[in-house]
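What follows is the residue order along each chain.
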Amino acid sequence: MAPALGRMAKARAAVQDPAVVHARESRRLSTLLDISHALSGTLNMRSALHRVLEVLAKHHGTVRSLVVIQRENNELHVEASDGLDSPSHTVRYRVGEGIVGKVVESSRPIVVPQVSKEPSFLHRAAKRAELPKDELSFICVPILLNRRAVGALGVDLKFNADRDYDRYVKFLAIVASSIAQAVKIQRLVEEDKKRLVDENQHLRQELKERYDFSSIIGSSGPVRQMYEQMAQVAATNTTVLVRGESGTGKEMVAHAIHYNSQRANKPFVKVSCAALPDSLIESELFGYERGAFTGAEQRKKGRFELAEGGTLFLDEIGDINLATQVKLLRVLQEREFERLGSTETVKVNVRLIAATNKDLEKAIAAGTFREDLYFRLNVFAIFVPPLRERKADLLQLVDHFLEKFSREHRKSIKRISTPAIDMLMSYHWPGNVRELENTLERSVLMCDGQVIHGHHLPPSLQTAEASGTVMRVSLSDAVAGFEKDLIQDALKTTRGNRAKAARLLDTTERVLNYKVRKYAIDARRFTA
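Before going into details, it helps to say that this report is about the structure given with it. (Residues numbered from 1 in each chain as written. Predicted model: local features only at pLDDT ≥ 70, side-chain atom pairs only at ≥ 80, totals over all residues. Heavy atoms only, no water.)

## A short note on the sheet that holds strand β4 (residues 110–112)
- Ordered in space as β3-β2-β1-β6-β5-β4, the 6 strands form an open sheet in which the pairing is antiparallel. Both outer strands of the open sheet, β3 (92–94) and β4, are each paired with one neighbouring strand and no more. Ignoring which end each strand starts from, the neighbouring axes of this sheet average 20 degrees apart.
- In this structure, strand β2 (residues 75–82) lies alongside β3, joined through 3 bridges in antiparallel fashion. Bridging from a neighbouring strand, His-77 pairs with Arg-92 of β3. (Pairing = 2+ DSSP bridges. Helix = DSSP H or I, 4+ residues; strand = E, 2+ residues; numbered from the N terminus. Axes fitted to C-alpha atoms, helices over the stretch in contact; angles between N-to-C directions.)

## Examining the packing of helix α8 (residues 278–286) against helix α10 (residues 322–334)
- Packing of α8 against α10 brings their axes to within 10 Å, and their N-to-C directions diverge by 20 degrees. Compared by their axis directions, α8 and α10 come out roughly parallel. In this structure, α8 crosses over α10, and the sense of that crossing is left-handed. Within the contact between the two elements, α8 uses Ile-281, Glu-282, Leu-285 and Phe-286 and α10 uses Thr-324, Lys-327, Leu-328 and Val-331. (Parallel < 35°, antiparallel > 145°, perpendicular 65-115°, else oblique. Left-handed = near helix turned anticlockwise from the far one by under 90°. Contact = heavy atoms within 4.5 Å.)

## So, the pattern of salt bridges
- One pass over the full model with this rule turns up 28 salt bridges.
- Ionic pairing is found between Glu-289 and Arg-339, a salt bridge with its closest N-O pair at 2.8 Å. In this pair, Glu-289 is assigned in the loop between α8 and α9 (303–306) and Arg-339 in the loop between β10 (336–338) and β11 (345–347), connecting sequence segments 50 residues apart. Note on accessibility: Glu-289 and Arg-339 belong to one class, buried.
- With its nearest N and O atoms 3.2 Å apart, the salt bridge here joins Lys-515 to Glu-483. Here the residue Lys-515 occupies a position in helix α19 (residues 509–518), and Glu-483 occupies one in helix α17 (residues 475–493), the gap between them amounting to 32 residues.
- On the basis of relative accessibility, which here comes to 17%, the residue Lys-515 falls in the buried class.
- Several salt bridges converge on common partners, so that one network encompasses Glu-289, Arg-299, Glu-305, Arg-339 and Glu-344. (Salt bridge = Lys/Arg side-chain N within 4 Å of Asp/Glu carboxyl O. Buried < 20%, exposed > 50% of the residue type's maximum accessible area, 1.4 Å probe, protein only.)

## Here's the deal with the side chain of Gln-70
- You can see Gln-70 is positioned in strand β1 (residues 64–70).
- Take Gln-70: its relative accessible area is 11%, and that puts it in the buried class.
- Contacts of Gln-70, omitting those with residues within four sequence positions, involve Glu-75, Leu-76, Val-95, Val-104, Arg-148, Ala-149, Val-150, Gly-151 and Arg-187.

## Focus: the environment of Lys-184
- Tracing the backbone shows Lys-184 in helix α5 (residues 165–210).
- A residue is classified by how much of its surface remains accessible, and Lys-184, at 39% relative accessible area, is partly exposed.

## Structural notes on helix α4 (residues 98–106)
- For α4, the complete set of buried residues consists of Gly-98, Ile-99, Val-100, Gly-101, Val-103 and Val-104.
- Contact partners of the buried residues in α4: β1, β2, β3, β4, β5 (136–145) and β6 (148–158).

## Examining a nonpolar patch on the surface
- Taken together, the side chains of Phe-482, Leu-486, Leu-504 and Leu-505 make up a nonpolar region of the molecular surface, amounting to roughly 350 Å² of accessible area.
- Its relative accessible area of 31% is what places Leu-505 among the partly exposed residues. (Patch = residues over 30% accessible without salt bridge, like charges linked within 9 Å, V, L, I, M, F, W, Y side chains within 5 Å. Areas by Shrake-Rupley, 256 points an atom, 1.4 Å probe, with all protein chains shown as cover.)

## A few points about the packing of aromatic side chains
- Enumeration according to the criterion identifies 9 aromatic pairs in this entry.
- Considering the side-chain rings of Phe-286 and Phe-304, the 5.5 Å spacing of their centres and the 5 degrees angle between planes classify their relative orientation as stacked. With Phe-286 in helix α8 and Phe-304 in helix α9, this pair connects stretches of sequence that are 18 residues apart. In this pair, the class of Phe-286 matches that of Phe-304, namely buried. (Phe/Tyr/Trp six-rings, centres within 6.5 Å; stacked < 30°, edge-to-face > 60°.)

## Some points on the pairing of strand β7 (residues 240–243)
- The alternating pattern of β7 places Val-240 and Val-242 and Leu-241 and Arg-243 on opposite faces, both of which are buried.
- When β7 meets strand β12 (residues 351–356), the two strands line up parallel, connected through 4 bridges. Within β12, the position partnered with Arg-243 by the bridge is Thr-356.
- Sheet topology places β7 next to strand β13 (residues 380–383); 4 bridges connect them, and they run parallel. Directly across from Leu-241, in β13, lies its bridge partner Ala-381.

## A look at the pairing of strand β9 (residues 311–315)
- Within β9, 5 of the 5 residues are buried, leaving the element largely enclosed by the surrounding structure.
- Where burial is concerned, the two faces of β9 agree: the one with Thr-311, Phe-313 and Asp-315 and the one with Leu-312 and Leu-314 are both buried.
- The pairing of strand β8 (residues 268–272) with β9 spans 5 bridges and is classified as parallel. When the bridges of β9 are listed, Val-269 appears paired with Leu-312.
- By the bridge criterion, 5 bridges tie β9 to β12 in an arrangement that is parallel. Counterpart to Phe-313 in the pairing with β12 is Ile-353.

## As for the packing of helix α13 (residues 394–408) against helix α15 (residues 432–446)
- Their axes nearest at 9 Å, the elements α13 and α15 cross at an angle of 45 degrees. Classified by the interaxial angle, the pair formed by α13 and α15 is oblique. Once α13 is placed against α15, the crossing between them reads as right-handed. Contact residues: α13 offers Leu-397, Val-398, Phe-401, Leu-402, Lys-404, Phe-405 and Ser-406, while α15 offers Val-433, Leu-436, Glu-437, Leu-440, Glu-441 and Val-444.
- Residue classes in the contact of α13 with α15 are distributed as 9 nonpolar, 1 polar and 3 charged. (Nonpolar A, V, L, I, M, F, W, Y, C, P; charged D, E, K, R; others polar.)

Honestly, that's just the spatial picture; any functional story needs more than this.
This is how it looks when you write it as structure tokens:
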């Protein structure tokens, strides 16, 4: 008994020795610093946790150690271990099972001074044959997030009857707190990553639906022919040349081809050649090296590299200069190029879709467009018809734009009047669908009611100058024409019911009948 008391007295004296206390505290501070570096140095959680356990083994002589984290299925998975020969990442615990499970369940630390005398110790992370022969002590502390255990840190130490377990538990609790912050950051990163992946998939699906062939409005003969050509070429990697007047929707055709092709999940990069000056077009397409020219402070990838694996859309291809045409021809032939200021050859896998509203044949004759490039681009040509050649689609387009702008500007536009439709149908639309879209947006903004009337349309549609049909009309004729339009619109609304039409116009049925006869209006055609 006396020797034992003597040893305990010496141990307490050693604990109180200032030099020993200073060395122990220095070691713990050094450990915490190394652990902080390990957890902040990488986003790979398993690698960081393994480094933490190695630091504990180095500075504090842990024989074995592990970190378990609770997953979505409430099972405890071993995320990292040290000193275990068998694969530990396959080990699972249930909450409340064994020492580790009880720590997570209660959110309180547990100390087992002598493992061999603890019947609830499972030895699941190590086989019996792998257990050390010396007696071990096991300390397990919870990893707490928002006062709730999300895992546990457990360490095996060589048994020492004089060990201050309370002090060691407090130290490991600080380590577990650092691990908890790393787990929190890791979960936030995973949640953000999952959200971004889901958002990316949603946007891609939205783009695919938005640029589906069916999203191009129209059922006239020229549009059906365009649909067939788009369907034929979309599944291939063929270069496509989209031709048509300005405002016809060439870019929409390019989008539809890309999002219905095998490259739909890859980038769609568009370049407006007309918007870039001749001095910048080459560097934008092919990129440049640092120092290639004044202001080139670092390497920049060109649009061809950014579109790798996807589609590059060159709008207004007829406006690029001859020098750039030469380099573009080489890319189409060899699928390779050099950045400005570099001799390194860059190979690309890009599908090219070009569009123009110019007469390329005339440009070739004038010497402003290379004939060999024209043949490379004109592998599969699609002609987008102007609006004046597809007037049968105009009402469908009108309905679409009215619905779109009513929703955007929070208006309740129900329909467009017959006279207004006649004005739209008789106009020649030099700006094509783009002009129609802008016209209807203005009309929606101008309209205070639920019906678009002729006076809501722009002056270019209301005056004869725009269509070259200038004619002189008297005031009485103009008033009569407006009155006739109002009556026709009312009869259309009431499906030819004159009594209802009279009430709608706040007049009598006798006056309405008189006006119908006066203006030779066939009311029967509105009954259908």
